Amino acid sequence: MAVNFVDRAVLHLTAGSGGHGVASVKREKFKPLGGPDGGNGGHGGSVILRVDPQATTLLDYHRHPHRKADNGKPGGGDERNGADGADLVLPVPEGTVVKDADGRIVVDLVGMGTEHVIARGGRGGLGNKALASARRKAPGFALLGEPGEDVDVVLELKTLADVALIGFPSAGKSSLVSVLSAAKPKIADYPFTTLVPNLGVVTAGTSRFTIADVPGLIPGAHEGKGLGLEFLRHVERCSVLAHVIDCATLEPGRDPLTDLDVIERELSLYVPDADLGGRPLGDRTRLIVLNKADVPEARELAEMVRPDLEARGYEVFIVSAVAHLGLKELTYAMARHVETARAEIEAVVPPRVVLRPRSVDDQGFTVARENGPDGPFYRVTGERPIRWVRQTDFSNDEAVGYLADRLARLGVEEELYKVGAVAGDTVVIGSSDDAVVFDWEPTLQSGAELLGARGTDLRLDEGARPTRDEKREAMKDRYAARAATQEELDEERRSDLWHLRREDDDA
């Protein structure tokens, strides 16, 4: 049998990685070294979940659970930045609850057009043009793009309906949906005909509400027996629960009061998600619908048990979906309770959002001493150190030195001193999965410093090229030196010094 409805799916999502920056030097005619001009890499695309009115099932994600956004493009020379990767937008039905791998609720997607960024794309790496500064005029390196987030989430669809029809299999719930609304669910005379929730829109006077036919429940449904756990979550959002009881059943041990007690017990034992309000199902408004009153014996049984049900405080309706008996009274009663529930929801004041900014003395990283199989080591964790490590090209000595400068300015070396680290100790930056391990040297330098200060190029040093005024002064000095030399030669000639030297040479 082909599956056309799925209300739970596990997704493996990967955001796009950022493009790498480029280290480039501008070259023109008569100006082969015009300074850095490497462009930045583009940002990676994010994965976004968006409520779409056209989406009614999670079937597509069940069949194709792996999704990935586009990567950012690398930068280029001549200050050309890479293009950003396109975001991947995944449409989901309204009422989808997103949970992480540990079962914690990440977001509840309610409201058409509501969206949530579930996996953020990586930042693009900076080119050497963006890394240039007054102190670092010619960086010979660029930053790498960050990898995108990789997350596993669970999507659960919890139907957004005002009224839920619950009861044993073949109690006539689908038939009621078909006559109360324009929905056309599959109807048959065998148990578990309904395998998926059926939604319908009902109009009663000026009221308009949705009704859901929840698949049949059996004893032990809260433990996963039958279809119970798969569809009890569709009842969580409903404000009114209508018990549909089959008064014409011929099964032994079945009667309206017993059926009601069994279903009530299953509702009381089911625990809704606390993060979604956690309101117990037993606290919802409940109606009793004694169905199949078109059968004479069923009508007599319904009239017999009605006083007992009303004595329990329930509002009871005797109906027949086939003969259309008692449907008008039932519809208006549902509308009345739905309007009351909506008024209570609208009166709820939304919680105040409390902003807790980061403390001014928060360095944004931690250094801790840990014990490993090879002895003790020091682990550095924090958003900025980990991001800087991911952006570093460790095949470039100058880039490694730049990372050391950033960590030193952040205060990592000072914190390592405080926790007892000495030169040569093992330092780990990041988590165990993608950590960078090295032997710590407090004054980390690389061979690039032999060419001058880090981030400089003597060939691009402005002091190596004299200005126009300096050239004029040098030319005046040369003219003055030439004039002085000429004056000295003329003086020697006038004093006949050259004639005397020639006679001495002839002698």
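Predicted model only: the values in this text are computed from it and were never measured.

Right, let's get into the sheet that holds strand β13 (residues 285-291). With mixed pairing, six strands are arranged side by side in an open sheet as β10-β11-β9-β12-β13-β14. Edge strands, defined here as strands with exactly one partner in the open sheet, are β10 (198-204) and β14 (315-318). In this sheet, neighbouring strand axes are inclined to one another by 25° on average, regardless of whether the strands run parallel or antiparallel. Examined bridge by bridge, β13 and β14 share four bridges and lie parallel to one another.

As a further point, take the sheet that holds strand β3 (residues 66-68). Read from one edge to the other, the open sheet built from five strands follows the order β3-β1-β8-β5-β6, with strand pairing classed as mixed. A strand with exactly one partner marks an edge of an open sheet, and here the two such strands are β3 and β6 (105-109). The average undirected angle you get between the axes of adjacent strands in this sheet is 25°.

A separate point is the packing of aromatic side chains. Within this structure, the stated rule accounts for one aromatic pair. An angle of 45° between the planes, with centres 5.0 Å apart, marks the rings of F141 and Y402 as tilted. Placement of the pair is F141 in the loop between α2 (128-131) and β8 (150-157) and Y402 in helix α9 (residues 397-410), with a sequence separation of 261 residues.

The next thing to look at is helix α6 (residues 296-311). End to end, α6 covers 24 Å across 16 residues, agreeing with the expected 22 Å (1.5 Å per residue, within 8%). When the local axis directions of α6 are compared, the greatest deviation, roughly 35°, occurs at V305, which is followed within four positions by the proline P307. If you check which residues of α6 are buried, you get A298, A302, V305 and L309. Buried residues in α6 make contact with α5 (256-269), β13 and β14. A positive backbone phi angle near 95° is found at G313, which sits one or two residues after α6.

Glycine aside, negative phi is the norm for most residues, and most peptide bonds take the trans geometry. Look at D78: it is not a glycine, yet its phi comes out positive at around 60°. The topology assignment puts D78 in the loop between β3 and β4 (88-92). We note that K292 has phi near 70°; this positive angle belongs to a residue other than glycine. Turning to its location among the elements, K292 is positioned in the loop between β13 and α6. What makes K292 partly exposed here is its relative accessible area of 25%.

Okay, helix α8 (residues 383-390) next. An α-helical turn contains 3.6 residues, so any two residues separated by three or four positions project in the same direction. Taken together, the buried positions of α8 are P385, R387, W388 and V389. Check the buried side of α8 and you find it contacts β16 (375-381), α9, β17 (426-429) and β18 (436-439).

Attention shifts here to the side chain of H243. Summarising the element assignment, H243 is placed in strand β12 (residues 240-246). For H243, a relative accessible area of 2% puts it in the buried group. Separated by 2.6 Å, the side chains of H243 and E264 make a polar contact. Once you skip the residues sitting within four places of it in the chain, H243 turns out to touch I166, L260, I263, E264, L267, R286, L287, I288 and V289.

Moving on to the pairing of strand β11 (residues 207-213). Regular strands place side chains that alternate from one sheet face to the opposite one. Most of β11 is tucked away, with five of its seven residues classed as buried. Of the pairings in the sheet, the one linking strand β9 (residues 163-166) to β11 comprises three bridges and is parallel in character. Its bridge partner lying in β11, V163 is registered against I211. Alignment of β10 against β11, held across seven bridges, turns out to be antiparallel.

Counting 24 residues, the largest nonpolar core has V163, L165, L176, F209 and M334 as its most contacted members. Secondary-structure elements contributing two or more residues to this core are β9, α3 (173-180), β10, β11, β12, β13 and α7 (327-347). Per-element accounting of this core gives the leading share, six residues, to α7. Of all hydrophobic cores here, the second largest spans 20 residues; its members include L13, A15, L109 and L157.

This part takes up the pairing of β16. Pairing analysis gives seven bridges linking strand β15 (residues 366-372) to β16, with the strands arranged antiparallel. From the neighbouring strand, T366 faces β16, where its bridge partner is T381. What sits between the antiparallel neighbours β15 and β16 is a turn of two residues. Of the pairings in the sheet, the one linking β16 to β17 comprises three bridges and is parallel in character. Across the sheet, residue R379 finds its bridge partner in β17, namely V428.

α9 packs onto α8 with a crossing angle of 175° between their chain directions and a minimal axis gap of 10 Å. When the axis of α8 is compared with that of α9, the two are roughly antiparallel. Where α8 approaches α9, its residues R384, P385, W388 and V389 are matched on the opposing element by L403, R406, L407 and L410. Across the contact of α8 with α9, the residue classes tally to six nonpolar, no polar and two charged.

For the rest of this paragraph, the subject is the environment of G420. With respect to the helices, strands and loops of the structure, G420 is situated in the loop between α10 (412-418) and β17. The partly exposed category is assigned to G420, whose relative accessible area is 39%. G420 has contacts with Y378 and D425, leaving out every residue within four places of it along the chain.

Right, let's get into the packing of α5 against α6. The description of two packed helices rests on the angle between their axes and on the distance between the axes. Contact geometry of α5 with α6 gives a least axis separation of 10 Å together with a crossing angle of 50°. It follows that α5 is oblique to α6 by the angle criterion. Residues P256, L257 and L260 of α5 pack against L301, V305, D308 and L309 of α6.

Cut-offs applied
- Residues numbered from 1 in each chain as written.
- Predicted model: local features only at pLDDT ≥ 70, side-chain atom pairs only at ≥ 80, totals over all residues.
- Heavy atoms only, no water.
- Pairing = 2+ DSSP bridges.
- Helix = DSSP H or I, 4+ residues; strand = E, 2+ residues; numbered from the N terminus.
- Axes fitted to C-alpha atoms, helices over the stretch in contact; angles between N-to-C directions.
- Phe/Tyr/Trp six-rings, centres within 6.5 Å; stacked < 30°, edge-to-face > 60°.
- Expected span 1.5 Å × (residues − 1).
- Bend = angle between axes of the 7 residues up to and from the residue.
- Buried < 20%, exposed > 50% of the residue type's maximum accessible area, 1.4 Å probe, protein only.
- Contact = heavy atoms within 4.5 Å.
- Polar contact = N/O pair within 3.5 Å; in protein donor to acceptor, adjacent residues only side chain to side chain.
- Core = buried A, V, L, I, M, F, W, Y, C linked by side-chain atoms within 4.5 Å.
- Parallel < 35°, antiparallel > 145°, perpendicular 65-115°, else oblique.
- Nonpolar A, V, L, I, M, F, W, Y, C, P; charged D, E, K, R; others polar.

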